[in-house]
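In case you want the letters, here they are:
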Amino acid sequence: MILYIRALGFTEFDTKDKAEGMVAETIKDPTEKFVWESESGILNVEYYKAYGDDFGLMVRGSIEENEALNVHALLPYAQGRFLTNTHEVDVIKLNRQNVYHGFCEEIKSGTPISFFVQNLVEYKMAEKHDHIYVKGIHLLVYCAEGTIILPIEKDDTDLLLEKEEEMIREELLEQARKGDEEAMTILDEEATEATEILQERLQNEDILTVLEGFFVPVGDHDDIYSLLGDIEDIGVFLNNTTNEEMFRLKIRCMSISLDVFINSKDMIGYPTLGMRFKGTGWVHGKIEFDFDKKA
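Quick caveat: nothing in here was measured; it's all calculated off a predicted structure. (Residues numbered from 1 in each chain as written. Predicted model: local features only at pLDDT ≥ 70, side-chain atom pairs only at ≥ 80, totals over all residues. Heavy atoms only, no water.)

Novice: Summarise the overall build of the chain; cite the residues concerned and give the values.
Specialist: The number of helices and strands found in the chain is five helices and 15 strands. The 295 residues of the chain split such that 43% are buried. With the model as given, the accessible surface of the chain reaches about 15900 Å², and the carbon-plus-sulfur share is 49%. (Helix = DSSP H or I, 4+ residues; strand = E, 2+ residues; numbered from the N terminus. Buried < 20%, exposed > 50% of the residue type's maximum accessible area, 1.4 Å probe, protein only. Areas by Shrake-Rupley, 256 points an atom, 1.4 Å probe, with all protein chains shown as cover.)

So, in structure tokens, the structure goes:
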């Protein structure tokens, strides 16, 4: 996954050998450092080093019995701006050291989301509490490639109908979560009808003119997603060490607002408000806890 640090302006350090210098620098002069002890008594550490406003690199590792540091991973990190609402979050530990995946469902669209847990220290703190309130998830996507796509043309009537359909679907999803069988049946019928229409249209039309947006996992990793969505905000930043230019885009797709980071070298086209972004990236999620409020 080291490939995705290029999204934050590190195109020259996206292989293991080249990244060793960045690991050493982060450990030597971190902006922040966190230590926590696992249930088995192992000391785990995280070193954060900022390379710009609200973004940088993180080194995760553990301290061995001889006090030597065993480095597990070099990761990108950033601060997500938009909160994705969800009823609950399930977190599981993978076989790899200190790798946790979160799973949730976005409330409005019912879209299932899998993500790499970014704020592991906070999560480990939350595990010690019997009941913790989860406000939502800040989603971030680090893309190694992306393309600017033309929007689908809509008039005022289309926008009004779209908003009404979203409200109806949100209500049906809420009723289905409460066990309403009629709502479940309606949602199943709508899904079947939408699939049939999509398959018919794709025989004569390009997928980018049929689908306004999507957010779907690809490949063998649950947290690698292909996405297509509307560009609603554009930020341009420089990595203060490499001087590489990067974009932070607010992308809205499937009723989800998320931050997408991509190196300008990896972008085809130039982002403009109202256009669409299509890309593939690594999805991170920062779980927003409220330790003062019971679930």
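Novice: A description of the pattern of salt bridges should follow, citing residues and the corresponding values.
Specialist: This model, assessed by the stated rule, comprises eight salt bridges. For Lys124, the salt bridge identified is with Glu127, shortest N-O distance 3.0 Å. Here the residue Lys124 and the residue Glu127 both occupy positions in helix α2 (residues 120-127), the gap between them amounting to three residues, near one helical turn. In this structure Lys124 comes out as buried when scored by relative accessible area, which is 10%. What you see here is one network of salt bridges that share partners, running through Arg81, Asp233 and Asp259. (Salt bridge = Lys/Arg side-chain N within 4 Å of Asp/Glu carboxyl O.)

Novice: Talk me through the sheet that holds strand β2 (residues 43-52); I want residue IDs and the actual numbers.
Specialist: Spatial strand order, β1-β2-β3-β4: four strands in an open sheet with antiparallel pairing. Edge positions in the sheet fall to β1 (32-37) and β4 (69-78), since each has one partner strand and no second. Going from strand to strand, the sheet's axes swing by 20° on average, the running direction of each strand aside. Across six bridges, β1 lies against β2 in antiparallel orientation. Note on β2: the bridge partner recorded for Val35 is Val45. The sheet contacts of helix α1 (residues 16-28) involve β2, β3 (55-63) and β4, and relative to β2 the element is tilted by about 100°. Contacting β1, β2 and β3, α2 runs over the sheet at an angle of about 35° to β1. (Pairing = 2+ DSSP bridges. Axes fitted to C-alpha atoms, helices over the stretch in contact; angles between N-to-C directions. Contact = heavy atoms within 4.5 Å.)

Novice: So what's going on with the pairing of strand β12 (residues 245-253)? Which residues, and what values?
Specialist: Within a regular beta strand, the side chains point alternately toward one face of the sheet and then the other, so they alternate between its two faces. By the criterion of burial, β12 is predominantly enclosed, with seven of the nine residues buried. The turn joining strand β11 (residues 224-238) and β12, which pair antiparallel and follow one another in sequence, is formed by six residues; a positive phi near 60° is taken by Asn243. Bridge count for β12 against strand β13 (residues 256-263) is eight bridges, and the pairing is antiparallel. Within β13, the position partnered with Arg248 by the bridge is Phe261. Counted along the chain from β12 to the antiparallel partner β13, the turn is two residues long, and its residue Met254 has a positive phi close to 55°.

These figures come from the coordinates and say nothing about function on their own.
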